[in-house]
Amino acid sequence: EDQVTQSPEALRLQEGESSSLNCSYTVSGLRGLFWYRQDPGKGPEFLFTLYSAGEEKEKERLKATLTKKESFLHITAPKPEDSATYLCAVPRYGGSQGNLIFGKGTKLSVKP
Amino acid sequence: DAGITQSPRHKVTETGTPVTLRCHQTENHRYMYWYRQDPGHGLRLIHYSYGVKDTDKGEVSDGYSVSRSKTEDFLLTLESATSSQTSVYFCAIRSTSGSTNEQFFGPGTRLTVL
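What counts, and at which threshold
Residues numbered from 1 in each chain as written. Chains lettered and ligands numbered in written order. Predicted model: local features only at pLDDT ≥ 70, side-chain atom pairs only at ≥ 80, totals over all residues. Heavy atoms only, no water. Helix = DSSP H or I, 4+ residues; strand = E, 2+ residues; numbered from the N terminus. Rg over C-alpha atoms; globule rule 2.2 N^0.38 Å. Contact = heavy atoms within 4.5 Å. 1 Å grid on protein atoms, 1.4 Å probe; cavity = no way out; pocket = protein on both sides within 12 Å on 5 of 7 lines; lining within 4 Å. Points joined across faces, edges and corners; volume = space filled by probe spheres on them. Nonpolar A, V, L, I, M, F, W, Y, C, P; charged D, E, K, R; others polar. Buried area = accessible area lost by both parts, 1.4 Å probe. Salt bridge = Lys/Arg side-chain N within 4 Å of Asp/Glu carboxyl O. Polar contact = N/O pair within 3.5 Å; in protein donor to acceptor, adjacent residues only side chain to side chain. Buried < 20%, exposed > 50% of the residue type's maximum accessible area, 1.4 Å probe, protein only. Pairing = 2+ DSSP bridges. Core = buried A, V, L, I, M, F, W, Y, C linked by side-chain atoms within 4.5 Å.

A.B. asks: Sorry if this is basic, but what is going on with the overall build of chain A here?
C.D. replies: A count of helices and strands for chain A gives zero helices and 11 strands. Along chain A, helices and strands appear, N-terminal first, in the series β-β-β-β-β-β-β-β-β-β-β. A compact globule built from 112 residues should have a C-alpha radius of gyration of about 13 Å, and chain A, at 14 Å, falls within 12% of that. Seen through its principal axes, chain A has C-alpha atoms that stretch 45 × 30 × 20 Å. Taking all contacts inside chain A whose residues are at least 6 apart in sequence as the whole, residues at least 24 apart take part in 55%.

Set out below in structure tokens:
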């Protein structure tokens, strides 16, 4: 069964304390892995797409990496404004409609 | 900004009443999706559309129907709302430009069924 699992469920960091979020997946024939950021009361905001093992993408203090079984979202020297829930998703195997399976997210809190 | 709007943004209704949520996009995207988001479950696909009058079920479609008579509008209908349908509903479009297939989300509709 196609599945996406994110850990930890919640992460509390001090400002400047770097860490990583994990997204592990079980899906046949990976056709991309997507990271989103979601602020309270808003829709998910697209961050990155990764397509192949070894690929990395960066945006400000965020760097996403991909292996054959998991992806990491590394946060370097986070600031309070990085506080949000981070979601990852993969396309469901089979079909061409792009239907995504989402993980339950990691809620990140960064304290000043 | 993917040019997606949802209406209404908030709605409170009573059990047994019909409810229609609207998603409107301005960029002529072919694929549109309806999700619901609940604590402990994450985002789950309800229905999707791959063109005008072309729709199909997602993983949690029971109790919901959809229609797409124009490219820009995708409607989600709860024929007879139940308390279990209290949720936040998100519409999304899929970008098919180039080699990417990212989905971009609207601002959401918070629905409460009493």
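Once you've had a look at it, read on.
A.B. asks: What should I look at first to understand the layout of surface pockets in this one?
C.D. replies: Sizing a probe to match a water molecule and rolling it over the atoms shows the empty space that remains. Computed from the structure, the largest pocket encloses a volume of approximately 1100 Å³. For the lining of the largest pocket, the elements supplying multiple residues, two or more each, are strand 1 (3-7), strand 9 (84-91), strand 10 (100-102) and strand 11 (106-111) of chain A together with strand 4 (31-38), strand 5 (42-51), strand 9 (87-94) and strand 11 (109-113) of chain B. Looking at the lining of the largest pocket residue by residue, the class counts come to 13 nonpolar, 20 polar and 13 charged.

A.B. asks: What's the story with the interface of chain B and chain A in this structure? I'm lost.
C.D. replies: Each partner contributes to the interface: chain B provides 24 residues, whereas chain A provides 20 residues. In total, chain B and chain A occlude about 1600 Å² of area from one another, counting both sides; carbon and sulfur atoms represent 51% of this. Its largest share of buried area at the contact with chain A, chain B owes to B:Leu43, B:Glu102 and B:Phe105, together 27% of the area lost on that side. Here chain B is connected to chain A by one salt bridge. Between B:Glu59 and A:Arg92 there is a salt bridge, with the nearest N and O atoms lying 3.7 Å from each other. At the surface where chain B touches chain A, the tally comes to four residue pairs in polar contact (both at pLDDT 80 or more). Those elements giving two or more residues to the side of chain B that touches chain A turn out to be strand 4, strand 5, strand 9 and strand 10 (103-105) of chain B.

A.B. asks: Teacher, can you tell me more about the pairing of strand 4 (residues 33-38) of chain A here?
C.D. replies: Strand residues, when the strand is regular, have side chains that alternate between the two faces of the sheet. All names here are of chain A. For strand 4, a buried count of six out of six residues is recorded, marking the element as mostly surrounded by other parts of the structure. Of the two faces of strand 4, the one lined by Leu33, Trp35 and Arg37 and the one lined by Phe34, Tyr36 and Gln38 are each fully buried. The hairpin turn running from strand 4 into strand 5 (residues 45-50), its antiparallel successor, is six residues long, and glycine 41 in that turn takes a positive phi close to 75°. Note: strand 4 against strand 9, five bridges, orientation antiparallel. Opposite tryptophan 35, over in strand 9, you have cysteine 88 as the bridge partner.

A.B. asks: Sorry, what's going on with the nonpolar core here?
C.D. replies: Soluble globular proteins: nonpolar side chains tend toward being buried together. A:Leu33, A:Trp35, A:Leu73 and A:Tyr86 are the most contacted members of the largest nonpolar core, which totals 24 residues. Those elements that place two or more of their residues in this core are strand 2 (10-14), strand 3 (19-26), strand 4, strand 5, strand 7 (62-66), strand 8 (70-75), strand 9 and strand 11 of chain A. Broken down by element, this core gets its largest block of residues, four residues, from strand 9 of chain A. Ignoring anything within four residues of it in the chain, the contact list for A:Tyr86 reads A:Gln6, A:Leu21, A:Trp35, A:Tyr36, A:Arg37, A:Leu47, A:Leu62, A:Leu73, A:Gly105, A:Thr106 and A:Leu108. Counting 18 residues, the second largest nonpolar core, distinct from the first, contains B:Cys23, B:Phe74, B:Tyr89 and B:Val113.

In short, geometric facts, not functional conclusions.
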